[in-house]
Amino acid sequence: MKGISVVHVAAALGALMLVSVPASAQVDLTGVWASRLHEDYIDRGPGSDLVDYTGVPLNDEARAKALRYDPSVYSMLERQCLYNPPQAASFLPQGLWIWSEVDTAGRVSALRFSGSPERVGMTIWMDGRPHPSPNAVHSFAGFTTGKWEGRTLTTYTTHLKEGYTRRGNGIPASDQATVVAHFTRHDNLLTIVTIQEDPVFLTEPLVVSRTWQLDPNGNQNAFTPCFSGTEVPRFEDTGVVPHYLPGANRNLPFMSETYHVPQEAALGHAETTYPEYRKKMNDTYQIPAACTRYCCGWIEAQGRPQAAPNLSCTTGGKPLSSR
């Protein structure tokens, strides 16, 4: 080719290769991601049982605070719109809608995550901005920055309001909690691993891994507002906050009586979160004679017991065939 050197051709090919590589992200995380309730079904479906702190390394103060929790507190008008922190998404049944925002140069400056009635939306800042002063305002969403590590997005969240690590059973999270999260996409699956550290309530990091599935036809709201209303009139203007006094929580033996889980494991001691703890239970643990709770999946929780295809399950101590 007359007038075109090898150097020019190489430069042109190099430019094309640069164009094909995203400048600010290695993987596209945008879209609607559906929660799959067959994974850790009780956590992500109906929610953890009362006084079920298994797998959470609580300290004594956190355990005492959780045992004072009464779910009737959400019947109070002023407490119905309190949100869970972002890491609680791993224990919620809702899906995620992720979309990006770009700056004037076309670079991704932020990733936005949808909210739900239980969790406020979250922004992941991708433009390199620093975290605010520790004395800055704390919010339900916190302040999150992100960076790509290969094909994984790693984020860091600070400035959270005090809230609950799980929904429905009072496991507390303080305003000093921080969360590192890793977002990894495998084709149409999105795995999110959260590592929560809390010097006030946890004796060691709490690590949770959950998976969502891409749903091209999904319809996930960006934010679902909370509308509060009086549910229990006697709580209105009385100043009474539902709670249990120390040692008076009647749900304390529920896990051991229902599932034969040792009481110390149900109360969230760090030792019980490791596989080695099973060896201590080998000679003492007895499998319940029959499953009496959440034996048939999410449909049972809605009042319509049904077994999975080609399987049978047990509800109320009675076998139930698939339909």
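Bear in mind that the values here come from a model prediction, so they are computed numbers and not experimental data.

What counts, and where the lines are drawn
- Residues numbered from 1 in each chain as written.
- Predicted model: local features only at pLDDT ≥ 70, side-chain atom pairs only at ≥ 80, totals over all residues.
- Heavy atoms only, no water.
- Helix = DSSP H or I, 4+ residues; strand = E, 2+ residues; numbered from the N terminus.
- Contact = heavy atoms within 4.5 Å.
- Areas by Shrake-Rupley, 256 points an atom, 1.4 Å probe, with all protein chains shown as cover.
- Pairing = 2+ DSSP bridges.
- Axes fitted to C-alpha atoms, helices over the stretch in contact; angles between N-to-C directions.
- Core = buried A, V, L, I, M, F, W, Y, C linked by side-chain atoms within 4.5 Å.
- Buried < 20%, exposed > 50% of the residue type's maximum accessible area, 1.4 Å probe, protein only.
- Salt bridge = Lys/Arg side-chain N within 4 Å of Asp/Glu carboxyl O.
- Arc of directions from axis to C-beta.
- Polar contact = N/O pair within 3.5 Å; in protein donor to acceptor, adjacent residues only side chain to side chain.
- pLDDT = per-residue confidence, 0-100.
- Phe/Tyr/Trp six-rings, centres within 6.5 Å; stacked < 30°, edge-to-face > 60°.
- Lys NZ or Arg CZ within 6 Å of the ring centre and 35° of its normal.

> I would appreciate a short explanation of the overall build of the protein chain in the present structure.
The secondary structure content of the protein chain amounts to seven helices and 13 strands. Taking the contacts inside the protein chain whose residues are at least 6 apart along the sequence as the reference set, 58% of them involve residues at least 24 apart. For the protein chain, the accessible surface area stands at approximately 17900 Å², while carbon and sulfur atoms represent 56% of it.

> Sorry if this is basic, but what is going on with the sheet that holds strand β2 (residues 96–102) here?
In any sheet, the strands associate via hydrogen bonds between backbone groups, in a parallel or an antiparallel arrangement. Around the barrel, nine strands lie side by side as β1-β2-β3-β4-β5-β6-β9-β10-β11; this closed barrel has mixed pairing. The average undirected angle you get between the axes of adjacent strands in this sheet is 30°.

> How should the nonpolar core be read in this particular structure?
Nonpolar side chains in soluble globular proteins tend to be buried together. The biggest cluster of nonpolar side chains holds 18 residues, and the ones touching the most others in it are Leu111, Phe113, Ile124, Leu153 and Phe183. Put simply, the parts of the chain that give this core at least two residues each are β2, β3 (108–113), β4 (122–125), β9 (178–186) and β10 (189–197). Sorting elements by how many residues they give to this core places β3 first, with three residues. With near-sequence residues (within four places) excluded, Leu153 lies in contact with Leu29, Leu111, Ile124, Met126, Gly146, Lys147, Trp148, Ala181, His182 and Phe183.

> What's the story with the environment of Ile124 in this structure? I'm lost.
With respect to the helices, strands and loops of the structure, Ile124 is situated in strand β4. Between the alpha carbons of Ile124 and Thr155 there is a distance of 7.4 Å; along the sequence they are 31 residues apart. Here Ile124 is in contact with Ser109, Ala110, Leu111, Phe113, Thr144, Thr145, Gly146, Leu153, Thr155 and Phe183, once residues within four sequence places are set aside.

> Looking at this model, I keep getting lost on the pattern of salt bridges. Mind explaining?
Taken as a whole and assessed by the stated rule, the structure comprises seven salt bridges. A salt bridge links Arg112 to Glu101; the shortest N-O distance between them is 2.9 Å. Residue Arg112 is located in strand β3, and its partner Glu101 is located in strand β2; the two are separated by eleven residues in the primary sequence. Look at Glu101 and you get partly exposed, because its relative accessible area is 30%. A salt bridge links Lys280 to Glu271, with the shortest nitrogen-to-oxygen separation between them at 3.0 Å. Residue class for Glu271 comes out partly exposed when judged on its relative accessible area of 41%.

> Got a minute to help me understand helix α3 (residues 60–67) in this structure?
Turn by turn, an α-helix covers 3.6 residues, leaving residues three or four places apart pointing in a common direction. Along α3, the residues that are buried comprise Ala62, Arg63 and Ala66. The arc that holds the buried residues of α3, viewed along the axis, is 100°, so those residues lie on one side. Residues of α3 that are buried in the fold lie against β8 (172–173). Here α3 starts with a cap whose side-chain oxygen sits 3.3 Å from the backbone nitrogen of Glu61, and that cap is Asn59.

> Where do I start with unusual backbone geometry in this structure?
Of all residues except glycine, most have a negative phi; of all peptide bonds, most are trans. Of note, the phi angle at Asp187 is positive, near 55°, even though the residue is not glycine. Within the secondary structure layout, Asp187 lies in the loop between β9 and β10. Classification of Asp187 by relative accessible area gives exposed; the value is 65%. The backbone phi angle of His260 is positive, close to 65°, even though this residue is not glycine. Of note, His260 is situated in the loop between α4 (254–259) and α5 (263–266).

> Please clarify how the environment of Pro205 should be interpreted in this entry.
Turning to its location among the elements, Pro205 is positioned in the loop between β10 and β11 (206–214). By relative accessible area, Pro205 is classed as partly exposed at 38%. The residues touching Pro205, leaving out its near neighbours within four places in the chain, are Pro57, Ile195, Gln196 and Glu197.

> Can you walk me through the confidence of the model for the protein chain in this structure?
Low pLDDT means the predicted coordinates in that region are not meant to be read closely. Here the protein chain averages 82 in pLDDT, and 82% of its residues register 70 or above. Here residues 15–24 scores under 50 on pLDDT; set against residues more than four positions off or in separate chains, the count is three contacts. Confidence drops under pLDDT 50 across residues 319–323; counting only partners more than four residues distant or on other chains, this segment forms 19 contacts.

> What should I look at first to understand the packing of aromatic side chains in this one?
Any pair of aromatic rings gets described here by the distance separating the centres and the angle formed by the planes. Taken as a whole, this structure holds five aromatic pairs when the rule is applied. With 5.8 Å between their ring centres and 70° between their planes, Tyr83 and Phe140 make a pair best called edge-to-face. Here Phe140 lies in the loop between β4 and β5 (143–149) and Tyr83 lies in the loop between α3 and β2, a separation of 57 residues in the sequence. Residue Phe140 is classed as partly exposed on the basis of its relative accessible area, which comes to 22%. Measuring from centroid to centroid gives 4.6 Å for Trp97 and Trp99, while their planes differ by 40°, and the two rings are tilted. We classify Trp99 as partly exposed; its relative accessible area is 25%. Across the ring face of Trp125, the terminal group of Arg129 is positioned such that the distance to the ring centre comes to 3.6 Å. The lysine or arginine in question, Lys161, covers the ring of Phe140, its NZ or CZ lying 5.7 Å from the ring centre.

> Please clarify how the pairing of β11 should be interpreted in this entry.
Judged from the three bridges that link them, strand β1 (residues 31–35) and β11 form a sheet pairing that is antiparallel. Following the sheet pairing, Trp33 is matched in β11 by Leu214. Across eight bridges, β10 lies against β11 in antiparallel orientation. Note that in β11 the partner of Ile192 across the bridge is Arg210.

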